[in-house]
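Observations on chain architecture
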Amino acid sequence: MDRIRIVGGTPLKGIIPIGGAKNAALALMPACLLTEGTLALSNLPHLVDISTMANLLAQHGVGMALNGDARNGGHTGRVLELTAAEIVNTTAPYDLVRKMRASVLVLGPLLARCGEARVSLPGGCAIGTRPVDLHLKALEQMGARIELAEGYIAAKVTGRLKGAHIIFPQVTVGGTENILMAATLAEGETVIANAAREPEVADLAQCLIAMGARIEGVGTGTLRVQGVAALHGAEYSVVSDRIETGTYAVAAAITRGDVELVGARVDLLESVIKTLTECGVAIEATPRGMRVKADSTELVGTDIMTEPYPGFPTDMQAQLMALMATASGASMITETIFENRYMHVPELMRMGAKVNVHGASAIVRGVPKLSGAPVMATDLRASSSLILAGLAAEGETIVNRVYHLDRGYERVEEKLAACGAQIERIKGEAAE
Ligand code: UD1
C-alpha cells in the first residue's frame, strides 16, 4: 500500500491545474445507460473512483473508448466515450458497490431504461450510515416495486416509470441525481422538491438536457422534468472540481503561500472563499481561475457549519479544520451532513492540533506550529486534511493508506511538488 512522505514548512508558490469534478463525473457516467447513443465526456478526472464506475458500467454492457491524453492536452484532452447500445446485465454486484457508494447511481437509469435493476445495498461507510431509503421511496412513488433481499435492492416496473411529485424530506445529492435520471424517461411530469442544488447536480441536468431531456429549474431547489420516450447521445465537458479547488486553496493558505488555481470556478466556491477570506486569506479571480495568497497576513480562526450547497461543503470540513489548527484563536466547526465525520481529529491531534469534539461540533484552538508524525488516512477528505497538515508541519509526516486519497485527487503529490512542496509517494507494502 502506498504512503506519502512530506517534509513540511515550504510556502507553496506557483500554479496548480484543477481537474473535472469527481462527483459530477460519477453521476454523468451512469447517464449513458439512458440511451443507445454515445455519451462523450471530456475533462474527466483520472481517479480510482472513475475506474470503478467504468468497471461497473462495462459489466452492464457499456462499450467504452478513451481518447486523448491528459498529460499532453491537459484534462480537457481526455475524452471518454460511453455507449450503452445494449444493456446485457441489470445487476450491480456487491464487489463493485462496496468499493464505491456512488455505484447506486446506476439504479435510476437502469430501471428507467430496462424496467428492472438489482443493485447491492451500499451499506455504511467510514463517515456514517448513509442509507439510500430516500432514493427508494422516490422510485416507489414513480411506480417501482422494490424489494430488499440478500443484501440487494431489487427494483421492477411494469411499462415506464410514472412522473410523480417527489418532496425530499432532506437534501440528498445522490437521491436527486438518481431520480432526475429516472424521470427523464418516465411518463409525464416529475417534480423534485427540496432537490439538491449542488453544482454537480446542475452539471448532470445540463448533460441530460444535451441528451434530449426536458428539465426546468436547473440549479434551484425545484426540478421539473417532462419525461420523453428516448434520449440521444451527446458531448459534454465535466464541470471543474470545487472540492479539489478548495483543497488546494487551503494548501496555499496553510503553507502561507501564493498559488494560482488554473481552471477553478470561483462562482462555485462562494462559501469556501468567504470563510477563507474571513481567516485573512487573500483570494482574487484571475482570467484562468483564482489566486490564493496568504504570505503577508496572520491567519485567524473562524466558525463554520457544513450545509447543503450553497452552504459550506461537508467535503471541505476536514481540510478547513487542518487550516484552523494553524490559525490564531479558536474556531468552531459544526458538521450537520454526516454523523461520523471527525475521524481526522485524532490523527491531526497526533500532529499537535488542539481539537475538542462535542457531538456534532469541534472546537479547534490554533497552535503556532504542527509537528510532523506518522498518521493514517481513514477516508477521502480526511486524507487530504492530513496531507495539508503535513505541508504546514515542522519535520516529516508519513500519511499511510493513501488509497483513499487516490479515489479523489489526481496526481496530488506532483501538483504540490510543482509548487515547491517536499512531498513524495513511497510505493508498495507498508506496516500499518
Ligand atoms: C454526495 C457526495 C459526497 C458529499 C455528499 C454531501 C457524490 C458521489 N458524493 O454523497 O461527496 O459529501 O453528497 O454533499 O456525489 N441520506 C439519507 N437517505 C438517503 C440519502 C441520503 O438519510 O436515501 C442522508 C445521508 O446519510 C447524509 C445526507 O442524507 O446524512 C446527505 O447525503 P447525500 O446528499 O445523499 O450524499 P451522497 O449523495 O451519498
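Throughout what follows, the structure given in this document is the object of discussion. (Residues numbered from 1 in each chain as written. Predicted model: local features only at pLDDT ≥ 70, side-chain atom pairs only at ≥ 80, totals over all residues. Heavy atoms only, no water.)

A few points about the overall build of the chain
Helices and strands together make up the secondary structure of the chain, namely 15 helices and 24 strands. Taken over the C-alpha trace, the chain has a radius of gyration of 21 Å; the compact-globule value for 432 residues is 22 Å, and the two agree within 12%. In terms of its C-alpha atoms, the chain occupies a principal-axis envelope of roughly 65 × 45 × 45 Å. Within the chain, the proportion of its 432 residues that are buried is 57%. Counting only contacts in the chain whose residues sit at least 6 apart along the sequence, the fraction spanning at least 24 positions is 75%. For the chain, the accessible area works out to roughly 16300 Å², and carbon and sulfur atoms hold 51% of it. (Helix = DSSP H or I, 4+ residues; strand = E, 2+ residues; numbered from the N terminus. Rg over C-alpha atoms; globule rule 2.2 N^0.38 Å. Buried < 20%, exposed > 50% of the residue type's maximum accessible area, 1.4 Å probe, protein only. Contact = heavy atoms within 4.5 Å. Areas by Shrake-Rupley, 256 points an atom, 1.4 Å probe, with all protein chains shown as cover.)

Section: the pairing of strand E15 (residues 258-262)
Counted residue by residue, E15 has four buried out of five residues, so it is predominantly covered. Here strand E2 (residues 13-17) runs beside E15; their pairing, made up of five bridges, is parallel. Pairing of proline 17 across the sheet is with valine 262, part of E15. (Pairing = 2+ DSSP bridges.)

Comments concerning helix H5 (residues 107-114)
Counting buried positions over the eight residues of H5 gives six, a clear majority of the element. Taken residue by residue, H5 has Leu107, Gly108, Pro109, Leu110, Leu111 and Ala112 as its buried positions. On its buried face, H5 sits against helix H2 (48-60), strand E7 (116-120), helix H6 (133-141), strand E9 (152-156) and helix H7 (173-184). Immediately beyond the C-terminal end of H5, within one or two residues, lies glycine 115, with a positive phi of roughly 80 degrees.

Concerning the site of the ligand
Taken together, 18 residues lie around the ligand, and Asp133, Leu134, Thr172, Asp315 and Ile337 are the ones closest in. Taking asparagine 23, its side chain carries an N or O atom lying 3.0 Å from an oxygen atom of the ligand. Between the ligand and the protein, one listed contact pairs an oxygen atom with a side-chain N or O atom of aspartate 315 at 2.6 Å. Burial of the ligand by the protein amounts to 86% of the accessible area it has alone, namely 740 Å². Mapped onto the shell around the ligand, the elements with two or more residues apiece are H6 and H7. Examining the composition of the shell around the ligand, we find that three residues originate from one element, H6, more than from any other. (Near = heavy atom within 4 Å. Polar contact = N/O pair within 3.5 Å; in protein donor to acceptor, adjacent residues only side chain to side chain.)

Concerning the packing of aromatic side chains
Considering all chains together, one arrives at zero aromatic pairs under this definition. Its guanidinium or amino end placed over the ring of tyrosine 152, arginine 118 lies 4.1 Å from that ring's centre, counting from NZ or CZ. (Phe/Tyr/Trp six-rings, centres within 6.5 Å; stacked < 30°, edge-to-face > 60°. Lys NZ or Arg CZ within 6 Å of the ring centre and 35° of its normal.)

Considering the pairing of strand E1 (residues 3-7)
What you see with E1 is a clean split: Ile4 and Ile6 sit on the buried side and Arg3, Arg5 and Val7 on the side with no burial. With five bridges connecting them, E1 and strand E24 (residues 422-426) associate as antiparallel partners. Within the sheet, the bridge partner assigned to isoleucine 6 lies in E24 and is isoleucine 423. Both E1 and strand E23 (residues 396-400) contribute to a ladder of four bridges, which runs antiparallel. Within E23, the position partnered with isoleucine 4 by the bridge is valine 399.

Quick look at the packing of helix H11 (residues 317-324) against helix H13 (residues 380-392)
The N-to-C vectors of H11 and H13 enclose an angle of 20 degrees; their axes lie 7 Å apart at closest approach. Considering their axes alone, H11 and H13 lie roughly parallel with respect to each other. Judged by the twist between their axes, the crossing of H11 over H13 is right-handed. Seen from H11, the contacting residues are Ala318, Gln319 and Ala322; seen from H13, they are Arg381, Ala382, Ser384, Ser385, Leu388 and Ala389. A class-by-class count of the residues in the contact of H11 with H13 yields five nonpolar, three polar and one charged. (Axes fitted to C-alpha atoms, helices over the stretch in contact; angles between N-to-C directions. Parallel < 35°, antiparallel > 145°, perpendicular 65-115°, else oblique. Left-handed = near helix turned anticlockwise from the far one by under 90°. Nonpolar A, V, L, I, M, F, W, Y, C, P; charged D, E, K, R; others polar.)

Some words on unusual backbone geometry
The peptide bond linking tyrosine 309 to proline 310 adopts the cis configuration, its omega dihedral lying at 10 degrees. A positive phi is found at glutamate 150, a non-glycine position, where the angle reads about 50 degrees. Within the fold, glutamate 150 resides in the loop between strand E8 (145-149) and E9. Under the relative-accessibility criterion, glutamate 150 is labelled exposed at 74%. Phi angles above zero are rare outside glycine, and asparagine 194 is one such case at about 55 degrees.

So, the sheet that holds strand E16 (residues 282-286)
Strand order in the open sheet made by the four strands is E2-E15-E17-E16, with mixed pairing throughout. Edge positions in the sheet fall to E2 and E16, since each has one partner strand and no second. Strand-to-strand twist in this sheet, taken as the mean axis angle between neighbours without regard to direction, amounts to 20 degrees.

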